[in-house]
Amino acid sequence: MSMLKSLMNTARRRSPWLFHANAGSCNGCDIELVTCLTPRYDVEQLGIRLEASPRHADIIVVSGPVTRTTCEALETVYGQVPNPKVVVALGSCPATCNVFAGSPTVVGPLDRILPVDVYVPGCPPRPDAIIAGIAEAAAILAGDKPRPVHNSSQTSGEGGR
Ligand code: SF4
């Protein structure tokens, strides 16, 4: 491994930047994610920060069951995050659609749309579970943990399916 690649992996592991995509969430998971930034959990001291632009992010954190109106935007955002990237499903909604399963406005769960690397279960998950999920995502980014196998029907990462 070249020195530059090693340096980039260290930076990703030590300071992953997150882009949060709300794909139809009730906002419960979103509030818990924001709680991670408050002084009680203070994830920024660990180098983890929320980034407003997907183009500068390493990790996409998706909340919500993926609705018809958010699906296309989600794929666009996925294409805008530079490779390598990791997708985190935040809460039970992106994993299973949860209480929104069966709704005609829902096209999820998320793994029908994007390749999900890390699941953080809960409705909503607690901040410590979210931080553990982000740490797992950072380990995948840095190459310290293998990426799960994804099916080929998910988006290619180049901006569309
Ligand atoms: S998992 Fe629960 S808290 Fe999170 S978006 Fe779904 S319903 Fe809301």
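Only a predicted model underlies this, so the values are computations on that prediction, with no experimental measurement involved.

Caption draft 1: Focus on the overall build of the protein. Looking only at helices and strands, the protein features 5 helices and 5 strands. In the protein, the succession of α and β elements from N to C terminus is α-β-α-β-β-α-β-α-β-α. When each of the 161 residues of the protein is scored for burial, the buried share is 47%. Put simply, the protein shows about 8,200 Å² of open surface, and 56% of that area lies on carbon and sulfur atoms.

Caption draft 2: Molecular detail of helix α2 (residues 28-35). Within α2 the residues assigned to the buried category are G28, C29, D30 and L33. Where α2 is buried, its residues contact β1 (17-22), β2 (49-50), β3 (59-63), β4 (86-90) and α5 (127-141).

Caption draft 3: Broad picture of the confidence of the model for the protein. Across the protein, the average pLDDT comes to 90, with 86% of residues at 70 or higher. The low-confidence segment residues 156-161, where pLDDT is below 50, has 16 contacts with residues more than four positions distant or belonging to other chains.

Caption draft 4: Structural detail: the site of the ligand. S25, C26, G28, C29, S92, C93, N98, G122, C123 and P124 make up every residue found near the ligand. Counting only elements with at least two residues in the shell around the ligand, the list comes to α2 and α4 (92-96). The residue inventory of the shell around the ligand, partitioned by class, reads 5 nonpolar, 5 polar and no charged.

Basis of the calculations
Residues numbered from 1 in each chain as written. Predicted model: local features only at pLDDT ≥ 70, side-chain atom pairs only at ≥ 80, totals over all residues. Heavy atoms only, no water. Helix = DSSP H or I, 4+ residues; strand = E, 2+ residues; numbered from the N terminus. Buried < 20%, exposed > 50% of the residue type's maximum accessible area, 1.4 Å probe, protein only. Areas by Shrake-Rupley, 256 points an atom, 1.4 Å probe, with all protein chains shown as cover. Contact = heavy atoms within 4.5 Å. pLDDT = per-residue confidence, 0-100. Near = heavy atom within 4 Å. Nonpolar A, V, L, I, M, F, W, Y, C, P; charged D, E, K, R; others polar.

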